[in-house]
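Results of the structural survey
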Amino acid sequence: LRVYYSIPVEMRKKAGIANARIYLSGQNLYTLSKLPRDLGIDPEVSSPTAGYPLVKIYTLGIDVTF
């Protein structure tokens, strides 16, 4: 999932920026599984007791063109 917000032209012109946008991205935000949620175990691992917790990744950034 990735969401962008473009900075309005009026604000960019004042700063001398050709293009700018802010983005928020996420990976592994939700997993469909019958495993208990409080364990946080990866459902792709054959043994729930030997698995690692799923990692959720959030990224926030800005893309600027001068």
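Residues numbered from 1 in each chain as written. Predicted model: local features only at pLDDT ≥ 70, side-chain atom pairs only at ≥ 80, totals over all residues. Heavy atoms only, no water.

Another point: the overall build of the protein chain. Scanning the protein chain from terminus to terminus reveals one helix and three strands. Ordered by position in the sequence, the α and β elements of the protein chain form the string β-α-β-β. Looking at the 66 residues of the protein chain, the share that counts as buried comes to 12%. Within the structure as shown, the protein chain displays about 5700 Å² of accessible surface, and the carbon and sulfur contribution to it stands at 58%. (Helix = DSSP H or I, 4+ residues; strand = E, 2+ residues; numbered from the N terminus. Buried < 20%, exposed > 50% of the residue type's maximum accessible area, 1.4 Å probe, protein only. Areas by Shrake-Rupley, 256 points an atom, 1.4 Å probe, with all protein chains shown as cover.)

The next subject is the pairing of strand 2 (residues 19-27). With five bridges joining them, strand 1 (residues 2-6) and strand 2 adopt antiparallel strand pairing. In the sheet register, tyrosine 4 faces strand 2, and the bridge partner there is tyrosine 23. Relative to strand 3 (residues 57-65), strand 2 runs antiparallel, the two sharing nine bridges. Bridge pairing in strand 3 links isoleucine 22 to isoleucine 62. (Pairing = 2+ DSSP bridges.)

Hydrogen bonds between backbone atoms are what pair the strands of a sheet, whose relative direction is either parallel or antiparallel. Pairing in this open sheet of three strands is antiparallel, and the strands run 1-2-3 from one edge to the other. On the outer flanks of this sheet lie strand 1 and strand 3, each paired with one strand and no other. Strand after strand, the sheet turns through a mean of 15° between neighbouring axes, direction not considered. (Axes fitted to C-alpha atoms, helices over the stretch in contact; angles between N-to-C directions.)

A separate point is the side chain of serine 25. The residue serine 25 is located in strand 2 in this model. Excluding residues within four positions of it along the chain, serine 25 makes contact with Leu1, Arg2, Ile57, Tyr58 and Thr59. (Contact = heavy atoms within 4.5 Å.)

Moving on: unusual backbone geometry. Leaving glycine out, the prevailing phi sign among residues is negative, and the prevailing peptide bond configuration is trans. For asparagine 28, which is not glycine, the phi torsion reads 55° and is therefore positive. Checked against the element boundaries, asparagine 28 lands in the loop between strand 2 and strand 3. Residue classification places asparagine 28 among the partly exposed residues on the basis of a relative accessible area of 43%.

As a further point, take the environment of asparagine 19. Along the chain, the position of asparagine 19 falls in strand 2. In this structure asparagine 19 touches Arg12, Asp63, Val64 and Thr65, once residues within four positions along its chain are discounted. Within the structure, the side chain of asparagine 19 is placed 3.4 Å from the side chain of arginine 12, a separation counted as a polar contact. (Polar contact = N/O pair within 3.5 Å; in protein donor to acceptor, adjacent residues only side chain to side chain.)

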